[in-house]
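Chain and residue survey
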Amino acid sequence: MDPLMDYDSHKSAKALKKASRMLLQHMDGREVVMHFLDLHQGPTADDNINLEENYSSAELSEIVFHEIVTRTAKLAAACNKVTVPQKWVGSSVALGYDCGTLPPRSKDESAIRSQVLVNIFDWGRSELNTIEKMQHMSAKEQQDRQEFWNYYKGGMERLAWVAARTYLHRFANADEWKEITLTIYDFDAMSKDDFMGTATVAVEDTDDSEIKLCNNKGKESDATITYSLHWRSCPSGSRLKGTWRVGIKSAKNLPNMDEQSVSDPYCCVKATSADGRHCFEQVTRVIQNDLNPVWDATLDLPIASDADALKKALEGGKSGLGEGDLYALLPRGVSEGTALRSVTVSTIRSKDAESPGFVEWKD
């Protein structure tokens, strides 16, 4: 998405860089990860692949993210084992994986996991603190190190929490999806995206179907969306039973929400599980200046083979981390615009009222 698509006269390289940075900084963790796992375009688009020979894009992203959950949990737990507070100013965590092509099924799952990256980098302004150094610091300097280390540990825990929560709602539903809501928004880089219309559909095989969208008052409008829905099974032994393939074809007669230009619509696909405990969300690309957009996008809504896969990932990060009520620790968010505004870690209390999040980070 281009943050300056409505400001062509100001689209210098410097302005675009600054606007892109601001756009990314205003995304919450859930939204960043949603885009990170989006493989429905480019070389990983899998409409015509043979699933007996290659992994699907949904299977690839599930394996990758299961590994990321384990590694971020390990990283957060490791930080909490450090007894000397550090001051790692500016260092970041990189998440990455190979998405240049869909791997063949002849490639072992462990080989896919080995190519996943969860690495700390950028140590330019960081220092390695030791017990000896700490003993020669003033009380103010020691307090400063402790404060910055608490920030760093909190950031690591937050990253691990976001990863676990995303996996739970995206990949851990082993039952059925109850319904799918298709909502179209007008992308606005500098303000909240505008609602344009919505429709809720049943989870059942559906050929291309054009249906009316409801406005913000819940009444049918002249706007329509054309979608399709088909089940695709995964081969025996897959970590997924299969996926519902949600085809977002196009929309017509959308209301214009911009005063100075034409709206830039995209579609948000949101699904709720039959038990109400999982909430999946994915978006299409943005179509610029078009009230009759054509997306021709296919998004995958997965159903897991193993309902306990998340617990196993967390246990792989640290023993005991997968225990307890994960649905309480990793709740659904509250829809606001296009983002699921999550309950923050600071409001999720463990047995220790002063320690938010997982109780097992500390030994």
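Located above this text is the structure these notes cover.
One structure accompanies this document, and this report is about it. Computed from a prediction, not measured in an experiment: that's the story for all the values here.

Further remarks concern the pattern of salt bridges. With the rule as written, the count across this model stands at 17 salt bridges. Arg105 serves as the salt-bridge partner of Glu59, at 2.5 Å between the closest nitrogen and oxygen. Remark: Arg105 occurs in the loop between strand 2 (92-96) and helix 4 (109-114) and Glu59 occurs in helix 3 (residues 57-81); sequence separation between them is 46 residues. For Arg145, the salt bridge goes to Glu127, with nearest N and O atoms at 2.6 Å. Of the two residues, Arg145 is situated in helix 6 (residues 139-171) and Glu127 in strand 4 (residues 125-127); the sequence distance between them amounts to 18 residues. Overall, Glu127 belongs to the partly exposed group, its relative accessible area being 28%. Several salt bridges converge on common partners, so that one network encompasses Glu62, Glu67, Arg71, Glu109, Arg113 and Arg239.

For the rest of this paragraph, the subject is the environment of Lys212. Topologically, Lys212 is positioned in strand 7 (residues 206-214). Judged by its relative accessible area of 40%, Lys212 is partly exposed. Spatially, the C-alpha atom of Lys212 lies 8.5 Å from that of Thr198, the residues being 14 residues apart in sequence. Look past the residues within four positions of Lys212 in its chain and what remains in contact with it is Ala199, Glu220, Ser221, Asp222, Ala223 and Thr224.

Turning our eyes to something else, we now look at helix 3. Look at helix 3: 36 Å from first C-alpha to last across 25 residues, which is about the 36 Å you get at 1.5 Å a residue. Burial analysis of helix 3 places 21 of its 25 residues in the buried class, which makes it a mostly covered element.

Criteria and cut-off values
Residues numbered from 1 in each chain as written. Predicted model: local features only at pLDDT ≥ 70, side-chain atom pairs only at ≥ 80, totals over all residues. Heavy atoms only, no water. Salt bridge = Lys/Arg side-chain N within 4 Å of Asp/Glu carboxyl O. Helix = DSSP H or I, 4+ residues; strand = E, 2+ residues; numbered from the N terminus. Buried < 20%, exposed > 50% of the residue type's maximum accessible area, 1.4 Å probe, protein only. Contact = heavy atoms within 4.5 Å. Expected span 1.5 Å × (residues − 1).

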